[in-house]
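# Summary of the model geometry
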Amino acid sequence: MAKLQAIRGMNDILPDQTPNWQYVEKCFQGVVRRYGYREIRFPILEQTQLFKRSIGEVTDIVEKEMYSFDDRNGDNLSLRPEGTAGCVRAADQHGLLFNQQQRLWYQGPMFRHERPQKGRYRQFQQFGVEAFGMAGPDIDAEIIQLSASLWQDLGLENYLTLEINNIGTAEDRKRYAAALTAFLVFHAEELDDDARNRSHSNPMRVLDSKNPDVQEALKGAPALVDYVSDESVIHYSELKSLLTQLGVEFTESPRLVRGLDYYNNCVFEWTTDSLGAQGTVCGGGRYDGLVEQLGGKPTVAAGFAMGVERLVLMLDSLGKIPEATAQVIDVYMVVVGGQLAGSAVLLAKQLRQRFPEIGLITHCGGGKYSNQMKRAFNSGARLAIVLETESEQPLETVKIRHLIDSGDSVSVELANCGDKLAEILSISE
RNA sequence: GUGACUGUAGCUCAGCUGGUAGAGCCCUGGACUGUGACUCCGGUGGUCGCGGGUUCGAACCCCGUCAGUCACCCCA
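This write-up is about the structure you can find in this document. (Residues numbered from 1 in each chain as written. Chains lettered and ligands numbered in written order. Predicted model: local features only at pLDDT ≥ 70, side-chain atom pairs only at ≥ 80, totals over all residues. Heavy atoms only, no water.)

Attention now goes to unusual backbone geometry. Residue Asn-99 is not a glycine yet carries a positive backbone phi of 50 degrees. Inspection of the secondary structure puts Asn-99 in the loop between helix H4 (84-93) and strand S5 (102-111). A relative accessible area of 71% places Asn-99 in the exposed class. Positive phi, close to 50 degrees, is recorded for Asn-265, a residue that is not glycine. Within the secondary structure layout, Asn-265 lies in strand S9 (residues 264-271). (Helix = DSSP H or I, 4+ residues; strand = E, 2+ residues; numbered from the N terminus. Buried < 20%, exposed > 50% of the residue type's maximum accessible area, 1.4 Å probe, protein only.)

Inspection of the region around RNA strand B gives 40 residues, with Arg-112, Arg-198, Arg-205, Arg-258 and Lys-374 positioned closest. For RNA strand B, the fraction of atoms within 4 Å of the protein that belong to sugar or phosphate moieties is 57%. Thr-280 is positioned with one of its backbone polar atoms (N or O) 3.0 Å from a sugar or linking oxygen of RNA strand B. Of all the secondary-structure elements, those providing two or more residues to the surface near RNA strand B are strand S6 (123-132), strand S10 (280-286), strand S11 (301-307) and helix H14 (369-378). Looking at the surface near RNA strand B, the element that brings in the most residues is H14, giving 7 residues. Tallied by class, residues from the surface near RNA strand B come to 10 nonpolar, 13 polar and 17 charged. (Near = heavy atom within 4 Å. Polar contact = N/O pair within 3.5 Å; in protein donor to acceptor, adjacent residues only side chain to side chain. Nonpolar A, V, L, I, M, F, W, Y, C, P; charged D, E, K, R; others polar.)

This brings us to the sheet that holds strand S8 (residues 251-252). Strand order in the open sheet formed by 8 strands is S1-S5-S6-S11-S10-S9-S7-S8, and the pairing between neighbours is mixed. Both edges of this open sheet fall to strand S1 (38-39) and S8, since each of them pairs with a single strand only. In the sheet, S10 pairs with S11 via 5 bridges, with the strands oriented antiparallel. When the bridges of S11 are listed, Gly-283 appears paired with Ala-305. Packed on one face of the sheet, H4 meets S5 and S6 and runs near 45 degrees to S6. (Pairing = 2+ DSSP bridges. Contact = heavy atoms within 4.5 Å. Axes fitted to C-alpha atoms, helices over the stretch in contact; angles between N-to-C directions.)

By the bridge criterion, 5 bridges tie strand S15 (residues 397-402) to strand S16 (residues 409-413) in an arrangement that is antiparallel. Bridge pairing links Arg-401 to Ser-409 in S16. If you look at the hairpin formed by S15 and S16, you'll find 6 residues sitting between the two strands.

It is worth spelling out the sheet that holds strand S3 (residues 68-70) at this point. Taken together, the 3 strands give an open sheet; going across it, the order is S2-S4-S3, and neighbouring strands pair in antiparallel fashion. In this open sheet, the two strands that pair with only one neighbour each are strand S2 (45-47) and S3. This sheet shows a mean twist of 35 degrees between the axes of neighbouring strands, independent of strand direction. Bridging between S3 and strand S4 (residues 76-79) involves 3 bridges; their strand directions are antiparallel. Among the inter-strand pairings, Phe-69 is bridged to a residue of S4, identified as Leu-77. Contacts from helix H2 (residues 48-55) reach S2, S3 and S4 within the one sheet, and its direction differs from that of S2 by about 75 degrees.

On their own, these measurements won't tell you what the molecule is for.
Below, the structure is given as structure tokens:
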């Protein structure tokens, strides 16, 4: 029988890697705490309808990337491809959005059936922030500033650049899309197949084309700016002013279009060139119409999501993860001779009770002294406690040996082992 | 979904133009050493991703499939 293996594009994160993840998660949590955001947790599985109605029926995510299936009741469910839809659903369902403001954050796995490559996986981790009930550009500035704080804490501030754009309201874009489609149809012969196909279904995506010929043909195309309402323009320029006051550098990218339909007005992306083709580390913007679109009362909102794999990848390749994050134990107990197993587990139990903060491994499975010592060294422990007696003799003394600073060892009465340990590790009880 | 490259012991890899597999590390037994090290000797471990085909014979050729990597696409 063939060996079972993980589903394509779904990664196992092994013990050598998990400290890196914990480090990043700790940084997230520190930042959101400072900004007063509270955690919300919602299911990984939702009605497929939720994503269709929020992300948009004709987006790639919904059209060809969702893990959807009928459950035993015949309901069509999907693994969440992003977090905002579920967050809005949960918050609205429980009345969190009624006449109030909310600052929320979440973290968890998302699922998209794409072809895997560096920084892009079928199950991936997102960390996101959503703010509800605040209409002004100040909240937009706040969440951007929040993300910038995180880069600072992670030491990535010099490796990420912020791009922003104003994509107007849904109405603005509708009028613009019509004009753009007309332009594209007129210039159809200069476009490639892909661009022609999108001219009607999703004309704004054509602007993103990397085909130089298409970009050439786009010269003279109508600009979104000219279709954006005055209100949006004012909001946007206020945001820019706030960012400038905050010292957050940005570049304006008129071509920046988000792939999810619910965004409006200000959108932004943090990108890097150190990740290959998957340069976007964080993306977000306003989505003022989404709550209402999903059946709630009209509620303005803004948020962003970031890809944790991409961040971990980036930190790893840039050497930005502090060494101290790796988990090490403090004490390794070497047990020579099977008759000492009882004494060993008992001593270990007592020490763990007395020193809850230290990590202690008891050697299990026997084996000769030299091999046990080898494991003790390889464990990274500072100290080894050696239990050894002449055969049949009761255990009276143990040896405590330094493994890192020196090779010194001291012999202590079994009963005084804890005191000696406290002294050596400078633990105040 | 499309394309290119890759897939040999737990890990890193070698294996010339086809003749049924090797090294280092790791692990382990022993020698030495007042006891993890070093050195020396020995050992475990692979139906060469999987399935077909060509051939007297394939890890090496062909087809399919799965997976990985990178790019397109898409996005976090």
